[in-house]
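# Chains, contacts and geometry: an overview
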Amino acid sequence: MRITSDNRFKKLIVIGDRLLIKPSRPDERTASGLYLPPGVQEKEKVQQGFVIKTGPGYVIPMPVEEESWKGEEEQVKYVPLQAKERDLAIFLLSGATEVIYEGEKYFIVPQSAILMLEREEEL
């Protein structure tokens, strides 16, 4: 399979309550007009970026029922995450893990580190 911009992330599986976020470019200037070097911007405690992929959510524990007539199939259920793909997420950098995928920087962030989401669709 050839990797294109459309199928680039199809092979990635995000686990549990995690999100894959591509950081957005912060403003290079402050409100007063000072230019900030990239190192200063990356050390901020709060970052923002776009959600690329989401995990399935929080696992709901299944009740333990030892019935001899039941099969051994175990169906896992999840509570879905609030974040959706293409949302703009404001998140705590302390809860994020930085990864490099195909030469680009991304963050893997648990939903608990997300402070706010901005979604383009009407509420």
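Refer to the structure printed above.
The residue numbers shown here count from 1 along each chain, following its written sequence. Only residues with pLDDT of at least 70 get local features here, since the model is predicted, and only at 80 or more are side-chain atom pairs given and counted; chain-wide, interface and lining totals rely on the full set of residues. Calculated side-chain values reflect all of the structure's heavy atoms, with hydrogen atoms and water omitted.

## Here's the deal with the nonpolar core
Cut-off, in case you're wondering: By convention a nonpolar core is built from buried Ala, Val, Leu, Ile, Met, Phe, Trp, Tyr and Cys residues, the set being connected through side-chain atoms within 4.5 Å. For every residue, the accessible area (1.4 Å probe, protein chains only) is compared with the maximum for its type, and the residue is labelled buried under 20%, exposed over 50%, or partly exposed between those bounds. A run of H or I in DSSP counts as a helix once it spans at least four residues, and a run of E counts as a strand once it spans at least two, with each numbered from the N terminus. By definition in these notes, contact holds between two residues if any of their heavy atoms fall within 4.5 Å.
Counting residues in hydrophobic clusters, the biggest one holds 13 residues, and the most contacted among them are L19, I21, F91, A96, F107, V109 and I114. Elements represented by at least two residues in this core include exactly β1 (18-23), β5 (88-92) and β7 (104-110). If sequence neighbours within four positions are ignored, V109 has contacts with D17, R18, L19, I21, F91, A96 and I114.

## Considerations on the side chain of S24
Within the fold, S24 resides in the loop between β1 and α1 (38-42). On the basis of relative accessible area, S24 is assigned to the buried category, the value being 15%. Contacts of S24, omitting those with residues within four sequence positions, involve Q48, G49 and F50.

## Looking at the environment of I15
In this fold, I15 is placed in the segment before β1. The class of I15 is exposed, set by a relative accessible area of 62%. Ignoring anything within four residues of it in the chain, the contact list for I15 reads G55 and P56.

## Topic: the pairing of β5
Note the following rule: Strands are treated as partners if at least two bridges between them are detected by DSSP.
β5 sits mainly inside the fold: four of its five residues count as buried. Looking at chain direction, strand β2 (residues 46-54) and β5 are connected through five bridges and run antiparallel. Within the sheet, the bridge partner assigned to Q47 lies in β5 and is F91. Alignment of β5 against strand β8 (residues 114-118), held across four bridges, turns out to be antiparallel. Looking across to β8, one finds that L88 is bridged to E118.

## Some points on a nonpolar patch on the surface
Quick note on the threshold: Distance thresholds for patches are 9 Å for like charges and 5 Å for nonpolar side chains (Val, Leu, Ile, Met, Phe, Trp, Tyr), applied to residues having over 30% relative accessible area and no salt bridge. Using a 1.4 Å probe, the Shrake-Rupley method yields the accessible areas, and only the shown protein chains count as cover for residues. We define a salt bridge as a contact between a side-chain nitrogen of Lys or Arg and a carboxyl oxygen of Asp or Glu at a distance within 4 Å.
Side chains of V46, L92, L115 and M116 sit close together on the surface and give an oily, nonpolar patch of about 340 Å² of accessible area. By the element assignment, V46 lies in strand β2.

## Thoughts on the pattern of salt bridges
In this structure the tally under the stated criterion is three salt bridges. Of the charged contacts, one joins K22 and E104 as a salt bridge, the two residues approaching to 2.7 Å between their closest N and O atoms. Linking K22 in strand β1 with E104 in strand β7, this pair joins segments that are 82 residues apart in sequence. The partner of D87 in a salt bridge is R119, and the shortest N-O contact between them spans 2.7 Å. Separated by 32 residues along the polypeptide, D87 in the loop between β4 (77-79) and β5 and R119 in the segment after β8 bring together distant segments of the chain.

## Points about the sheet that holds β7
Heads up, the rule is: Convention adopted: a line fitted to C-alpha atoms gives each axis, helices being fitted over their contacting stretch, and angles between N-to-C directions are expressed from 0 to 180 degrees.
The six strands lie next to each other as β6-β7-β1-β2-β5-β8, forming an open sheet whose pairing is antiparallel. Edge strands, defined here as strands with exactly one partner in the open sheet, are β6 (97-101) and β8. Each strand of the sheet is rotated relative to its neighbour by a mean of 40 degrees, with strand direction disregarded. As paired strands, β1 and β2 are joined by five bridges and run antiparallel to one another. Across the sheet, the residue bridging to K22 is F50, located in β2.

That's the geometry; what it means functionally is another story.
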